[in-house]
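Here is what each chain is made of, one letter per residue.
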Amino acid sequence: MAFAVKKRTNNRLNEIEKLQQPANFLPNSYGDRFIPRRYALSRSSRFKAESMPEQKTDPMVMKEMPGYWRTHRYSSVLKSQLGLVSTHDKILSFRDSTSRQVCKRLANKRPLECIVRPTYSNQQKLDWSCHPRTKPIGFIEAVHDLPNIKTYYHKIIDWSAAGQIAAIFSKKLVIWTPNTDEIIGLGAQYATSIAFEPAGTRLAMGIFMMNRPWLNIFDDPARPQSERHGSLKMLDPLDHPISCLTWDGSGLYVLCGFGNGQISIVRIRPAANINQCESKYCVHKGSIIAIKFSCGCRYMATADDLGQLYLWHWSAGNLTPITNWDSSMCAFFDWHPWREDEIVIADSEPILIALYHVPSRQVLSYYQRRESDCILTTLSFNKLSGELVVCYSFTGKYKPPEILVLASMDRVVDVMRNHDDCIVHLLWSPDGKQLASVGYDETLTIWNFFGTSPTNECKKRKLQCEPPVSSGSSRTDGRACGNAGSSWDASRIPCNRNKEATYRDLASSFLFKAMR
């Protein structure tokens, strides 16, 4: 008897030990509560499962298949096809109408309560204040050839508030208005940089002649030469050209960046008269490539070709340094269109895009590209939507440059391609609805950024500017105006794209091809 009891006890102990061991044949959970059996997984397997790295993808790496990232709005398309009313009938929804009505009645019967919740207006959780478009709708409006444009300078093209575009070529300064055929050519063989006044009535041009930097202010350059007024002044330092120009918001000061890193502030009197007083700041070591003001002209940023970027406080012609940003290569930047204390700074290579808050001197958000297959060439904010336009140029393989439109550091709204070489300049029209991109391929592409069709006013203005077609009008109207010995000669050429004689007159006056 004692032997039988002992045998049964040993059998029970063996069964208990078997239950305590991991059993692969048992389910990992049991019952309606789905309670997991923790002993079913060994320690080594649990460690391997917890230590697996997360799979992350670069949000700005575009696939070769075009259109895969575009937002397919199936719900909107089906609603329009089925004729559903958006306020009452909904599709692709996980709630039925009956439960929604019941919940609404129950919510109305509840007593009034004061619920304190944190207000977060940024429902899309974007990195900066932005009103992005729901889908990519931009398209190309026009493409201009710019042969022999001075791409080795930095501020060679500008778009004025009056709608005129000015560009520096090898020997000419060309001013034209999109959607019209009137073009003005000024002799500017030694020009190095240009900038329109915020009002669009005056043009500042930097000249490097006889190894001396000069500042020339044109009062309304669209006028004929006999009615145009201007002033010329030689600046310091000597033997260094003016590499960058910009105006302040009031139009009273012109800031000049030089090849040696010096920044000069010149006060401009009314009627394009230059004041003799000049303030100088020498903090940069390389050539100045960019000078930009914030939306309210409270802050200013400057960058050179060695990767040094300085932030300044601007007050009536005086600068106070705030902080600086060091980059391994060139640094590009742009201020937010309506938030004055935020600026986006980008390193060209390796690509790093950061949103910087000036008062707190902190980086709010940033993006860093993992692969080193491309470089960043320029960027700019749209002043209406707040979307950031970034230009990439790829290295090591034949792939055209890309223009990415970002609503946040991880959200790409649109991708635009048309250039064959690096894109180095981005310009916005006065109303902010058109984007102009200039590249090393000597082409200027005008994009309709918001996809709106041309207005009737533009068509009427174009028809009014077109000259009447006659047999001898092209050769007569295309003659150049100005003295041969003067350094500034103007050529007003009203051209008609359908007339071959106009192209000959155009080519004889300055190197510029009309829209193709």
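Cut-offs applied
- Residues numbered from 1 in each chain as written.
- Predicted model: local features only at pLDDT ≥ 70, side-chain atom pairs only at ≥ 80, totals over all residues.
- Heavy atoms only, no water.
- Helix = DSSP H or I, 4+ residues; strand = E, 2+ residues; numbered from the N terminus.
- Buried < 20%, exposed > 50% of the residue type's maximum accessible area, 1.4 Å probe, protein only.
- Contact = heavy atoms within 4.5 Å.
- Areas by Shrake-Rupley, 256 points an atom, 1.4 Å probe, with all protein chains shown as cover.
- UniProt positions renumbered as here; feature names shortened; annotations may be inferred.
- Salt bridge = Lys/Arg side-chain N within 4 Å of Asp/Glu carboxyl O.
- Phe/Tyr/Trp six-rings, centres within 6.5 Å; stacked < 30°, edge-to-face > 60°.
- Lys NZ or Arg CZ within 6 Å of the ring centre and 35° of its normal.
- Core = buried A, V, L, I, M, F, W, Y, C linked by side-chain atoms within 4.5 Å.
- Pairing = 2+ DSSP bridges.
- Axes fitted to C-alpha atoms, helices over the stretch in contact; angles between N-to-C directions.

Thoughts on the overall build of the protein
Of regular secondary structure, the protein possesses seven helices and 31 strands. The 516 residues of the protein split such that 43% are buried. If you take every contact in the protein between residues at least 6 apart in sequence, the share linking residues at least 24 apart comes to 50%. As presented, the protein carries roughly 29,300 Å² of accessible surface, and 52% of it is formed by carbon and sulfur atoms.

Re the UniProt feature "repeat: WD" (unreviewed entry) in the protein
Here, UniProt's "repeat: WD" (unreviewed entry) annotation points to residues 416–448. A helix fraction of 0% and a strand fraction of 58% characterise residues 416–448, whose end C-alpha atoms lie 11 Å from each other.

Here's the deal with the pattern of salt bridges
Under the criterion given, the structure shown has nine salt bridges. Across the pair Arg 133 and Glu 387 runs a salt bridge whose closest N-O atoms are separated by 3.2 Å. A residue pair is termed long-range when its members are at least 10 positions apart, and Arg 133 in the loop between helix H4 (97–109) and strand E3 (139–145) and Glu 387 in the loop between strand E24 (374–381) and strand E25 (388–394) qualify at 254 residues. Each of the two residues, Arg 133 as well as Glu 387, counts as buried. In this structure, Arg 202 engages Glu 197 in a salt bridge whose closest nitrogen and oxygen atoms are separated by 3.0 Å. Comparing Arg 202 with Glu 197 shows no difference in burial state: the two are buried. Put simply, Lys 399, Glu 402 and Arg 417 are held in one network by salt bridges that share partners.

Re the packing of aromatic side chains
For the structure shown, the criterion picks out ten aromatic pairs. Here Tyr 253 and Trp 314 contribute two aromatic rings whose centre-to-centre distance is 5.7 Å and whose plane-to-plane angle is 80 degrees, an arrangement assigned as edge-to-face. Taken together, the residues Tyr 253 in strand E13 (residues 253–258) and Trp 314 in strand E18 (residues 308–315) connect sequence positions 61 residues apart. Geometrically, the ring pair formed by Tyr 299 and Trp 335 is stacked, given 6.1 Å between the ring centres and 10 degrees between the ring planes. Of the two residues, Tyr 299 sits in strand E17 (residues 299–304) while Trp 335 sits in strand E20 (residues 331–335), which places them 36 residues apart along the sequence. Overall, Tyr 299 belongs to the buried group, its relative accessible area being 8%. Of the aromatic side chains, those joined through ring pairs into one cluster are Tyr 253, Phe 293 and Trp 314. Lying over the aromatic face of Phe 333, Lys 292 brings its terminal NZ or CZ to 5.5 Å of the ring centre.

Re the environment of Thr 320
In this fold, Thr 320 is placed in strand E19 (residues 318–326). With 21 residues separating them along the chain, Thr 320 and Tyr 299 place their C-alpha atoms 9.4 Å apart.

Observations concerning the nonpolar core
Residues Ile 353, Leu 376, Leu 388 and Tyr 392 are the most contacted members of the largest nonpolar core, which totals 37 residues. Elements supplying a minimum of two residues to this core: strand E21 (342–347), strand E22 (352–357), E24, E25, strand E26 (402–408), strand E27 (411–416) and strand E28 (423–428). With six residues, E25 is the largest single contributor of residues to this core. Once residues within four sequence positions are removed from consideration, Tyr 392 is found in contact with Met 60, Ile 351, Ile 353, Tyr 367, Arg 369, Cys 374, Ile 375, Leu 376, Pro 401, Glu 402 and Leu 404. In terms of nonpolar packing, the next biggest core, distinct from the first, is built from 18 residues, Ile 289, Ala 301, Ile 345 and Tyr 356 among them.

Points about the sheet that holds E24
An order of E24-E25-E26-E27 is seen for the four strands of this open sheet, with the pairing classed as antiparallel. Edge strands, defined here as strands with exactly one partner in the open sheet, are E24 and E27. Taken pair by pair, the neighbouring strands of this sheet meet at an average axis angle of 25 degrees, ignoring direction. Note: E25 against E26, five bridges, orientation antiparallel. Bridge pairing links Cys 391 to Ile 403 in E26.

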